[in-house]
Amino acid sequence: MRLLLLLLAIVISTPVRAETIAITNARLMDGDRDEPGMTIVLKDERILSVSRGGPIPSGARIVDAAGRPVTPSLAAAATQIGIVGIGSAEDTRDEAVTSGPAGAGFDISRAVDANDLTIQEARAQGLASAMIYPDAGNGVFAGKGAMLHLVPGRDPVSMADAAMFAAPSGKKAGGSRAAAWTLIRNGLTEARRPASPANGPRDDLLDPLDIEALRPVAAGRIPLAITANRESDIRQAIALAKDYGIRVVVVGGAEAWRVASALASSRIPVIIDPLDDLPFSYDAVGARRDNAAILAKAGVPIAFMVSAQGIYLSYDVGPALREGAGIAVANGLSRGEALRAITTAPSQVWTGRPPSGLVAGAAADLVVWDGDPLEPSSAPSRVFIAGREVSPVTRQTLLRDRYHPSRSGDALPPAYR
Amino acid sequence: MRVPFRQIAVCLTLAATVGRLDAQEQVLRPQPMPDAPASEYRPLPRQDTLLVGATILDGAGGRLIGDVLVRDGKIVSVGQFPEAQNVTRIDATGRWITPGLIDVHTHYGTFLLPQGGSREDFSDVTENSGPNAADSWVEYAVRSSDPAFAYALAGGVTTAQILPGSAVIISGRSVVVHTIPSPTLAQMRFPDAPQGLKMACGTNAVEQSSFPTSRQGQIAGLRRALREGQEYIQAQSGAVDGKGKGRRRGGDGGPGNPRAATIAGAIEGKLPVHLHCYRADDIANWIAVLQEYGIKRITVHHAAEAYKIAPLLAKKGICAAVWPDWWGFKRDAEDGIPENAAFLDAAGACTMMHSDIPVLGSLLNIEAAKAAAAGRRAGLDVPPEKAIRWITSNPARSLGLEDRLGTIAPGMNADLVLWSGDPFSVLSKPDLVFIDGAIAYDRANKSRQPTSDFEVGRPQRERVE
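Only a predicted model underlies this, so the values are computations on that prediction, with no experimental measurement involved. (Residues numbered from 1 in each chain as written. Chains lettered and ligands numbered in written order. Predicted model: local features only at pLDDT ≥ 70, side-chain atom pairs only at ≥ 80, totals over all residues.)

### Some words on the overall build of chain A
We apply this condition: Helix and strand labels come from DSSP, where a helix needs a run of H or I of at least four residues and a strand needs a run of E of at least two; each type is numbered from the N terminus. It is over C-alpha atoms that the radius of gyration is taken, and the globule rule equals 2.2 Å times the number of residues to the power 0.38. Exposure is read from a count of other C-beta atoms within 10 Å of each residue's own; the residue is exposed at 12 or fewer, buried at 20 or more and partly exposed in between. C-beta atoms are placed from the backbone.
Helix and strand counts for chain A come out as 11 helices and 16 strands. Taking 22 Å as the expected radius of gyration for a compact globule of 417 residues, we find that chain A reaches 23 Å, a close match to that expectation. Projected onto the principal axes, the alpha-carbon positions of chain A cover approximately 65 × 65 × 50 Å. Expressed as a percentage of the 417 residues in chain A, the buried residues total 54%.

### Let's talk about the overall build of chain B
How we decide: The contact criterion used here is simple: two residues whose C-beta atoms, placed from the backbone, lie within 7 Å are in contact.
If you tally the helices and strands in chain B, you get 13 helices and 17 strands. The globule rule puts the C-alpha radius of gyration for 465 residues at 23 Å, and the 22 Å found for chain B is close to it. Residues counted as buried form 58% of the 465 residues belonging to chain B. Pairs at least 24 residues apart make up 71% of the contacts formed inside chain B by residues separated by at least 6 positions.

### A short note on the environment of Arg-376 of chain B
Residue and element names in this part refer to chain B. Its location among the elements puts Arg-376 in helix α11 (residues 364–377). Residue classification places Arg-376 among the partly exposed positions, given that 17 C-beta atoms sit within 10 Å. Put simply, Arg-376 and Glu-339 are 37 residues apart on the chain and 8.8 Å apart in space, counted from C-alpha to C-alpha.

### Topic: helix α6 (residues 258–267) of chain B
The element α6 of chain B is largely enclosed, with a buried count of 8 among its 10 residues. Of the residues making up α6 of chain B, those classed as buried are Arg-259, Ala-260, Ala-261, Thr-262, Ile-263, Ala-264, Gly-265 and Ala-266 of chain B.

### Overview of the nonpolar core
The nonpolar side chains of soluble globular proteins are, as a tendency, buried together. Quick note on the threshold: By our criterion, buried Ala, Val, Leu, Ile, Met, Phe, Trp, Tyr and Cys residues that link up through C-beta atoms within 7 Å make up a nonpolar core. What fixes the domain bounds is an automatic or database domain assignment.
By size, the foremost hydrophobic cluster in this structure holds 284 residues, and its most contacted members are Met-164 of chain A together with Ala-306 of chain B. Split by domain, this core shows at least three residues from each of two domains, domain 1 (2–71 + 364–400) and domain 2 (75–351) of chain A. Those residues within four positions of Ala-306 of chain B in sequence are excluded, and the remaining contacts are Ala-280, Ile-283, Val-300, Leu-313, Ala-320, Val-322, Asn-340 and Leu-344 of chain B.

### Here's the deal with the sheet that holds strand β14 (residues 350–353) of chain B
Residues and elements named next belong to chain B. Where we set the bar: In this scheme, strands are said to pair when DSSP sees at least two bridges between them. Angles shown run from 0 to 180 degrees and are taken between the N-to-C directions of axes, each axis being a line fitted to C-alpha atoms and, for helices, limited to the stretch in contact.
An order of β8-β10-β11-β12-β13-β14 is seen for the 6 strands of this open sheet, with the pairing classed as mixed. The open sheet has two free edges, formed respectively by β8 (170–173) and β14, since each of these has just one partner strand. Recorded for the sheet is a direction-independent mean angle of 20° between the axes of neighbouring strands. Examined bridge by bridge, strand β12 (residues 298–301) and strand β13 (residues 319–322) share 3 bridges and lie parallel to one another. Across the sheet, residue Val-300 finds its bridge partner in β13, namely Ala-320.

### Looking at the packing of helix α3 (residues 177–192) of chain A against helix α4 (residues 208–218) of chain A
All names here are of chain A. Definition in use: Geometric relationships in this document are graded by angle, where less than 35 degrees denotes roughly parallel, more than 145 denotes roughly antiparallel, 65 to 115 denotes roughly perpendicular, and other angles denote oblique. Each residue receives one of three labels: charged for Asp, Glu, Lys and Arg, nonpolar for Ala, Val, Leu, Ile, Met, Phe, Trp, Tyr, Cys and Pro, and polar for the others, Gly being one of them.
Interhelical geometry of α3 versus α4 gives an angle of 90° and a closest axis separation of 8 Å. Accordingly, the angle class assigned to the pair α3 and α4 is roughly perpendicular. Residues Gly-187, Leu-188, Glu-190, Ala-191 and Arg-192 of α3 form the contact with α4, whose participating residues are Asp-210, Ile-211, Leu-214, Arg-215, Val-217 and Ala-218. Across the contact of α3 with α4, the residue classes break down as 6 nonpolar, 1 polar and 4 charged.

### Let's talk about the environment of Ser-447 of chain B
Residue and element names in this part refer to chain B. With respect to the secondary-structure elements, Ser-447 resides in the segment after β17 (438–442). Residue Ser-447 is classed as exposed on the basis of its 6 C-beta neighbours within 10 Å. Along the chain, Ser-447 and Pro-311 lie 136 residues apart, while their C-alpha atoms are 48 Å from each other.

### Let's talk about the interface of chain B and chain A
Taken residue by residue, the interface counts 45 residues in chain B and 42 residues in chain A. Taken together, the elements giving at least two residues each to the side of chain B that touches chain A come down to α4 (147–154), α9 (340–347), α10 (358–361) and α11 of chain B. With 5 residues, α11 of chain B is the largest single contributor of residues to the side of chain B that touches chain A. Split into classes, the residues belonging to the side of chain B that touches chain A amount to 27 nonpolar, 5 polar and 13 charged.

### Regarding α4 of chain B
Note that an α-helix has 3.6 residues per turn; residues three or four places apart therefore point the same way. All names here are of chain B. Counting buried positions over the 8 residues of α4 gives 8, a clear majority of the element. Of the positions making up α4, those classed as buried are Pro-147, Ala-148, Phe-149, Ala-150, Tyr-151, Ala-152, Leu-153 and Ala-154. In this fold, the buried residues of α4 make contact with β6 (101–106), β7 (157–162), α10, β16 (430–435) and β17. The first or second residue beyond α4 is Gly-156, which carries a positive phi of 100°.

### Notes on the pairing of strand β7 (residues 127–132) of chain A
All names here are of chain A. Rules: Crossovers are described as right-handed under a simple rule: with the strands pointing away from the observer, the path leading from the first strand over the helix to the second runs clockwise.
With 6 of 6 residues buried, β7 lies mostly within the body of the structure. For strand β6 (residues 74–79) and β7, the ladder comprises 4 bridges, and the chain directions are parallel. Note that in β7 the partner of Thr-79 across the bridge is Ile-132. In this fold, β6 hands off to helix α2 (residues 117–124), which returns the chain to β7; that crossover is right-handed. Relative to strand β8 (residues 141–149), β7 runs antiparallel, the two sharing 4 bridges. The residue of β8 that forms the bridge with Ser-129 is His-149.

### Examining the confidence of the model for chain B
Defined as follows: Each residue carries a pLDDT value, the predictor's own confidence for that position, ranging from 0 to 100.
In this model, chain B carries a mean pLDDT of 91, and residues with pLDDT of at least 70 account for 90%. Quick note on the complex model: pTM equals 0.93, ipTM equals 0.94.

### Brief notes about the packing of α3 of chain A against helix α5 (residues 231–244) of chain A
Residues and elements named next belong to chain A. Put simply, the rule reads: Less than a right angle of anticlockwise turn of the near helix away from the far helix marks a crossing as left-handed, whereas a clockwise turn marks it as right-handed.
Packing of α3 against α5 leaves a shortest axis separation of 12 Å and a crossing angle of 20°. Considering the angle they form, α3 stands roughly parallel to α5. For α3 against α5, the interelement crossing comes out right-handed. Here α3 contributes Arg-177, Trp-181, Ile-184, Arg-185 and Leu-188 to the contact with α5, which in turn contributes Asp-233, Gln-236, Leu-240 and Tyr-244. Taken together, the residues of the contact of α3 with α5 sort by class into 5 nonpolar, 1 polar and 3 charged.

### Side note on the sheet that holds β6 of chain B
All names here are of chain B. The strand order β6-β7-β9 describes an open sheet built from 3 strands, whose pairing is mixed. Whereas interior strands pair on both sides, the edge strands pair on one side only; in this sheet they are β6 and β9 (175–178). Strand-to-strand twist of the sheet, defined as the mean angle between neighbouring strand axes without regard to direction, takes the value 20°. As defined by bridge partners, β7 adjoins β9 across 4 bridges and the pair is classed as antiparallel. Residue pairing across strands places Thr-159 opposite His-178, the latter belonging to β9.

### Description of the environment of Val-177 of chain B
Residue and element names in this part refer to chain B. Here Val-177 shows up in strand β9. In this structure Val-177 comes out as buried when scored by C-beta crowding, with 28 C-beta atoms within 10 Å. Residues Val-177 and Ser-144, 33 residues apart in the sequence, show an inter-C-alpha distance of 9.8 Å. Those residues within four positions of Val-177 in sequence are excluded, and the remaining contacts are Ala-160, Ile-162, Met-188, Arg-189 and Phe-190.

### Side note on the domain arrangement of chain A
Residues and elements named next belong to chain A. Assigned domains of chain A: these are domain 1 (2–71 + 364–400) and domain 2 (75–351). When each unit is reduced to the centre of its C-alpha atoms, the spacing between domain 1 and domain 2 is 29 Å. Its residues assigned to classes, the side of domain 1 that touches domain 2 shows 11 nonpolar, 5 polar and 5 charged.

### Topic: the pairing of strand β3 (residues 74–79) of chain B
Residue and element names in this part refer to chain B. Relative to β3, strand β2 (residues 63–71) runs antiparallel, the two being bridged by 5 bridges. By the bridge assignment for β3, Arg-71 is matched with Lys-74. Between β2 and β3, which pair antiparallel in sequence order, lie 2 residues; one of them, Asp-72, sits at a positive phi of approximately 50°.

### Thoughts on unusual backbone geometry
All names here are of chain B. With an omega dihedral of -10°, the bond running from Leu-113 to Pro-114 counts as a cis peptide bond. With respect to the helices and strands, the residue Pro-114 is situated in the loop between β6 and α3 (119–122). Along the chain, Phe-211 connects to Pro-212 via a cis peptide bond; the corresponding omega equals -5°. For Pro-212, the position within the fold is in the loop between β10 (197–200) and α5 (215–241). Phi is positive for Asp-72, close to 50°, though the residue is something other than glycine. Note that Asp-72 resides in the loop between β2 and β3. For Asp-72, a count of 11 C-beta atoms within 10 Å corresponds to the exposed category. Phi at Asp-436 takes a positive value of approximately 50°, unusual for a residue other than glycine.

Shown next as C-alpha cells:
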C-alpha cells in the first residue's frame, strides 16, 4: 500500500510527458523580435531550442508553421474567466462577496471552475495565463487574486494569493474615497504589527483573517492592485507605495497618462483597457486611446485588460485582448510593446520577474496565428500550452458545426449532428 | 422631391443595387407617421468634392478602384472623372471609401455618459410603468450632446438609431439621427426618416409581479396590442369613408388612443419594428405573430441564435442585427457564435452589426471584420465588399432609408467615410467623414472634430507638460 502511494506520488509529481514537437518555418514574433524561418522545439513542457532552421530532435512531431506568425501565448492581466460564467446565473458567479465577514481574506482561487466554458474558450483562443481578480464587495479590500495557467487536464490555479485587490471607492468606505484611502492605509498598518495575543479584537479595525491576508502585501511579497481611473486616486496610489514601501499595481488607469512620469519613476505598473476613450464615469473623464502609448513612452510598465462594459471579462478574452493591442498600435504604441502587453508583460507586472518569452528554457506556451496577431480578425491556427497542443474544439465551434449552412439539407434535425 | 422614391418597393431598388434581397414579400418604403416631428437638421457648410483613386466598397456588394464625385450633398457618380470642374479634389490613392456607417441599435443620449449620479441622471432608456409603452417616444429623453455621438462619428458612423430599452414588451418609438452633437434633438433628426417601434421578447421584459410574468404572457400582451392597432385602423377607415364602420367609441382601439395609433403605424408599415430577441424559438414565435398582423419590416436585434433559423429569416424577409463575440452574459445569449452573421448572410438574410454600447459604437468596422473573418474560417465567401453591407446598406434597409443611404451610387446622400486603409483592419481610421457632402469629421483638422459640451473645459482632457 505504501509502495502504491509512493508510486502514485511519483506519477503525480512528474511532469506530464508530452511529445516532442518542432514548429518549423515560424515567423517568430515576441516583443520587438520579428524573425522568419525559425524552428522552435518543445519538449517536456518547455522550449528546448529556438533557432533559425535549427536542429530537430529525432522523433519530434513536425508542425509546419508555413511562415505564419508565432507568438508567446496570450496572457490576460486582469480577467474573470473561470469565476464568472453565465452573468445571470448566480451558481456560475463567484467574483465578489457582498455580505458576510470575508474581505481581504476572500481568496478567489477557491472558486475557479476548470470546466467553465470561459476557460475552454480562452485556451482555444490562445490564452495560457491570466490573473483573475475579485470585484469589490464588502469593503475597500476586494480580496486576493490568483494566477491561472490553463494547462489542459490540470488545476488551472498556478498561484493563489498572487495579489491583493483594493478599491478606493467612497461607496465601500461609508461615502468618501478619502475614507477608503484611510482604511487601505490602516489595513497595511495593522498588517505590519506583529501578531500578538495582547492585541484584542478592539485594537484592530480588521479581523484576523483580513490582517493575515494583508501581511504579504505589507511585507512587499505580493502587490497591492488598486483599481482606479481618476488622476487623484492614481497619485494616492503612488504615495501609498512610497509611504509603505510596498508594490502597487494600478488597474484601470484611464487617466494614468496624466501621471506618466511619476508612475515611471516609482516603477508602478498600470493595467489599462486600450479601448477606453469615452468619459464613461466622472473618474474617467480623461480617458483617451493613446494612454498606452504615452505611458510606454514614459517608461511605465503596462499590460492590458479589455472589458467593454464587462462583456469581455469572461468571454472572448483572447480576441478582445488582441483588438485592444491593435487599437493601442493604431494610437501610437509600438507593435512590440503592444504584443508584450498581452503576452509576457502581465506576468512581469504581477510577479515582478522579467518575462522570458520564446527562448530556450521558457514555458512552452505559444500560438501559431493565421494572420497578424494584432488584427482581431486573425485567429489561432495552433495553440500549445505546456508543450501540448490544445484542442480548438469549444462549445461554440460545435454549435457552429451543427448549424453550418452545408448541413441545411440534412434529413435529421440539428440535435442528431 | 423624394416623393416618387417612396412609392418604389424596396425589392426593386435593392435588387438593382444589392442584387441579393431574397425576401419573398415586398416591403414598401415606410411613409412617415402623420404625427412625426419635422427635422431641423441642416447640412454643414460643404463644397462639391471629388475623391480620387480610392478603393471603393460601394455597400451594394461591389468593390472597385475609382473616384467618387459629390455635388450638392449627393453622390453624382462613381468612376473616373479627370475632367470634373469646380470641385475640391482629395487624393484618396491607397485609401478606402465606404458609405457612412449606420448603427441600428444605440442608446445614445439616454444611457448618458458619464454614467454618474443617480440612475435618473443618466438612464432614461425605458418607460416601464406598464408592458405597453407604445405611446412613449425615446427622443424626448435624448440628451443631444451625449459625448458618445462624436466618438461614433469619429469611428465613421454617420447615422444612428436611438432605441428605447428592452424592459417592457413594447417600449415605444425610436428616433434616427445624424451623429453631430447639437443643442436639440430636432437638429440631429434625420430628415423624413421613419421612426421605429421597439419591442422586446424574453428575459428582460418579464416582470416579477405584474403582467407579463412569462413568455406566453408576453405573446398575449403582444396580441392585445396588435388587436388595438387593428381596431384603430378600422376606426380610421370608418371615419374616412364616413360610415363609421369599425368605429368603437371608447374602445381600446379608438382614435384617441395613442398607443393604438403607434401599433397601427407598425401594421401599416410606417414604423419599422425593432425586436430585441436572442433565442431562436422566441424569435420565431414573435415574428409569426407580428406577420399574422401584417407587419413586414422587422429587424431582430441581439439575435444571438438567429443562425439557427437563418433560412426562416431569409424567407420571411426579416433582418437580424448581431454581435460577433458577445455571449454568455445571460442565459438568453448562451448559444451565440462568431459565425452568426456569416451564416445569416449565406442564407440570404438581411444581416447587420450593431453596437448597443458606446464602446462598440466607434468600432463597428472591427465588429464586422471579426464576424466576416469567422465566416471565412467556416468556409464561406465573405470578402470585404460583402461584409461592408452589414454596417451600411443592410442597416439602411432596416431603418427604411435604403433609397437614400448605405450605398455609393448616383443620387444617394453623400454620407461617406474615407479610411486611411482597409476599413476591416484595426490599424485603419477614418480620415474624413462626410454627411450630406459636408466634412463632419477630419482627423487632420481639430476644427472639424466635434466635441460634446460636456467635454469642454475639463482639465482632465488637457495635455500635460
